[in-house]
Amino acid sequence: MAIHENLLGGPPPTHLPDDPEPRELLASGAAPSEVAAKYPASSLAWAQLADEAFEAGRVVESYAYARTGYHRGLDALRRSGWKGHGPVPFEHEPNRGFLRALHALARAAQAIGEQEEYERCSTFLRESSPTAADTLS
């Protein structure tokens, strides 16, 4: 039996293709703004910008960065065959940028009082990857 096999007959897990350049630049200490400018489709760069803005108390800026990363991630998921639902495993490293952006969007939405958006994003995160929801919270 394959790991992540869905015994309930739901959609298979979506695994985004690897995009190592932005991840490696960020890991080497490159500024997330420079990485996002060079690789605007990288949800990971936008998620890191969202995290930095949130930690600095710039919540609306964090919300905007997170929303950008979230939408870039949705685009990538759809290109990878995702149909709007199903697992997006945190264990698959290329998925982490999208999941981090989704988490950051939920966090920033809650901070600005956007409760419905917070609940929607939190539910979406938990349904996509319980591991991500537990790890990022």
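Look up: the structure comes first, before these words.
Structural notes, computed from the coordinates. (Residues numbered from 1 in each chain as written. Predicted model: local features only at pLDDT ≥ 70, side-chain atom pairs only at ≥ 80, totals over all residues. Heavy atoms only, no water.)

## Describing the packing of helix α3 (residues 43–55) against helix α5 (residues 96–111)
Quick reminder of the rule: Lines are fitted to the C-alpha atoms to define the axes, a helix being fitted only along its stretch in contact, and any angle between axes, read from their N-to-C directions, falls within 0 to 180 degrees. We count a stretch as a helix when DSSP gives it H or I for four or more residues in a row; a strand needs E for two or more, and each element gets its number in order from the N terminus. Oblique is the label for every angle not falling under 35 degrees (roughly parallel), over 145 degrees (roughly antiparallel), or within 65 to 115 degrees (roughly perpendicular). Handedness of each helix crossing follows the sense of rotation of the near helix against the far helix: counterclockwise by less than a right angle gives left-handed, clockwise gives right-handed. Whether two residues touch is decided by their heavy atoms; if any such pair falls within 4.5 Å, the residues are in contact.
With their axes 8 Å apart at the nearest point, α3 and α5 run at an angle of 30 degrees to one another. Taken together, α3 and α5 sit at an angle that is classed as roughly parallel. Between α3 and α5 lies a crossing whose hand is left-handed. In contact with Ser43, Leu44, Ala47, Gln48, Ala50, Asp51 and Phe54 of α3, α5 contributes Gly97, Phe98, Arg100, Ala101, Ala104, Arg107, Ala108 and Ala111.

## Looking at the packing of α3 against helix α4 (residues 59–79)
Where we set the bar: Only Asp, Glu, Lys and Arg are considered charged in this grouping, and only Ala, Val, Leu, Ile, Met, Phe, Trp, Tyr, Cys and Pro are considered nonpolar; every other residue, Gly among them, is considered polar.
Viewed as axis vectors pointing N to C, α3 and α4 meet at an angle of 165 degrees, and their least axial separation amounts to 8 Å. As far as their axial angle goes, α4 and α3 are roughly antiparallel. For the pair α3 and α4, the crossing hand works out as left-handed. Only Val59, Glu61, Ser62, Tyr65, Ala66, Thr68, Gly69, Arg72 and Gly73 of α4 make contact with α3, whose side of the interface consists of Ser43, Trp46, Leu49, Ala50, Ala53 and Phe54. Along the lines of polarity and charge, the residues of the contact of α3 with α4 split into eight nonpolar, five polar and two charged.

## What about the layout of surface pockets?
Short version of the rule: In this analysis, the protein atoms alone were mapped onto a 1 Å grid. Cavities are point sets where a 1.4 Å probe fits without being able to get out; pockets are open sets with protein on both sides within 12 Å along at least five of seven lines; lining residues have an atom within 4 Å of a point. Grid points are joined across faces, edges and corners, and a volume is the space filled by probe spheres set on the points.
Empty space within the largest pocket amounts to approximately 370 Å³. Contributing elements (two or more residues each) for the lining of the largest pocket: α1 (20–27), α3, α4 and α5. Looking at the lining of the largest pocket element by element, the count peaks at four residues for α4. The residue inventory of the lining of the largest pocket, partitioned by class, reads eight nonpolar, five polar and seven charged.

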